[in-house]
Amino acid sequence: MSIVLSFRGPSSSASPAAATQVTAKRPGIRIGQKAVSALWAWKTRLRNRAELRALMERADDRMLADVGLTRSQVADEAGRPFWQG
Amino acid sequence: MRLGVHSGKAEFLLHIGNRNYSSWSLRGWLACRLAGIDFDEHIISLDLAGTAKSIAAVSPNQRVPCLFHNDIVVWDSLAIAEYLAEMNPDVAMWPKDQAARAMARSMAAEMHSSYMGIRNRCPMDMRGKVDPIQMPEEVARDVARLDAAWSNARAKFGTGGPYLFGEWSLADCFFAPAVSRCRTYGLPLSDVSAAYVKAVLAHPDVSWWAARGAEETWAIPPEDASEQKF
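Residues numbered from 1 in each chain as written. Chains lettered and ligands numbered in written order. Predicted model: local features only at pLDDT ≥ 70, side-chain atom pairs only at ≥ 80, totals over all residues.

Novice: Explain the overall build of chain B to me, and be specific about the residues and the numbers.
Specialist: Within chain B, the secondary structure is distributed over ten helices and four strands. For chain B, the succession of helices and strands along the chain, N to C, is β-α-β-α-β-β-α-α-α-α-α-α-α-α. Principal-axis analysis of the C-alpha atoms gives chain B an extent of 50 × 45 × 25 Å. In chain B, which comprises 230 residues, the share counted as buried stands at 50%. Expressed as a percentage of contacts within chain B between residues at least 6 apart in sequence, the contacts between residues at least 24 apart total 71%. (Helix = DSSP H or I, 4+ residues; strand = E, 2+ residues; numbered from the N terminus. Buried ≥ 20, exposed ≤ 12 C-beta atoms within 10 Å, placed from the backbone. Contact = placed C-beta atoms within 7 Å.)

Novice: Account for the domain arrangement of chain B, with residues named and values stated.
Specialist: Residues and elements named next belong to chain B. Domain annotation for chain B reports domain 1 (12–87) and domain 2 (98–215). Those elements that provide at least two residues to the side of domain 1 that touches domain 2 are helix 1 (23–35) and helix 3 (77–87). Per element, the largest residue contribution to the side of domain 1 that touches domain 2 is eight residues, and it comes from helix 1. For the side of domain 1 that touches domain 2, the per-class residue count stands at nine nonpolar, two polar and three charged. (Domains from an automatic or database assignment. Nonpolar A, V, L, I, M, F, W, Y, C, P; charged D, E, K, R; others polar.)

Novice: Explain the pairing of strand 2 (residues 39–43) of chain B residue by residue, including any values.
Specialist: All names here are of chain B. Burial runs high along strand 2: five of the five residues are buried. Burial along strand 2 is two-sided: the residues Phe39, Glu41 and Ile43 and Asp40 and His42 are all buried. Relative to strand 2, strand 1 (residues 12–16) is paired through five bridges, and the arrangement is parallel. Across the sheet, Leu14 pairs through a bridge with Glu41, a residue of strand 2. Following the chain from strand 1 across helix 1 to the adjacent parallel strand 2, one finds a crossover that is right-handed. (Pairing = 2+ DSSP bridges. Right-handed = clockwise from strand over helix to strand, strands pointing away.)

Novice: Describe in detail the packing of helix 4 (residues 98–113) of chain B against helix 6 (residues 137–157) of chain B, supporting the description with residues and values.
Specialist: Each pair of packed helices gets described by two things: the angle between the helix axes and the distance between those axes. Residues and elements named next belong to chain B. Where helix 4 contacts helix 6, the two axes come as close as 11 Å, and the packing angle between them is 165°. When the axis of helix 4 is compared with that of helix 6, the two are roughly antiparallel. Where helix 4 crosses over helix 6, the handedness of that crossing is left-handed. Residues Ala100, Met103 and Met107 of helix 4 touch helix 6, and the partners they reach there are Ala149, Ala153 and Phe157. The residue makeup of the contact of helix 4 with helix 6, split by class, is six nonpolar, no polar and no charged. (Axes fitted to C-alpha atoms, helices over the stretch in contact; angles between N-to-C directions. Parallel < 35°, antiparallel > 145°, perpendicular 65-115°, else oblique. Left-handed = near helix turned anticlockwise from the far one by under 90°.)

Spelled out as structure tokens, the structure:
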């Protein structure tokens, strides 16, 4: 689901047009090895989702797209219970 | 999913959103290009599932852009710009002249914190084109301020090139989305500012980004977009 392009600085004399597409890896989730880290993840999720709900209320679709988000996806994420990643 | 992991081989990894709509992503990306760093770019695309979750997984403020430099994470385009400027003192990312640099920083900060009329009523749509009609008052006020700021910088410090402070700088990176909005919405500008808009749109990095944005297929539905237009 992700695209990664590589850009090289002037020392390697490549222009943006020379950006090369490489395959993105999808590292696995590393949560829940210890109870403490699980609790911390829950807390972060609760806070993040509350922030997303607040953002949805004050931003229209284009303002959300400006920061890389869509309303339906934000609503979906914001509405998930904290114990679900 | 830990997306804050380098997928390529570069020292830096920049997470961005869709090119056509995400003005903040454009600023961060232009800053990386200006710094001349090797960086990998990861697009968290709006047309794929799980955008909000993907962004939350990498960015402390759940927004793009977000830059990873090994274990250091920098979010917000202005912070990214300053981090890169600090790391690359040999590259004149801000103007060399102290007075010019002070004005450039002030203008970039003003773009970051103000111009709410333009930002709210004229959202970035790089490939879009809107027939200009009567501007709302808050847009007209912002356009006048933008025109004055650009003209002032061009007149005082712009002799060395076509950009605000002559050579391409972070100030131009920060105004690139506003420049794109001027084109999309046909905002009325003085000759000096109109020439500046033309110069920025012709900059290789900006035109490259715009061309890639035009290739993106995801679009905000017209009925939503029409409510934004004037």
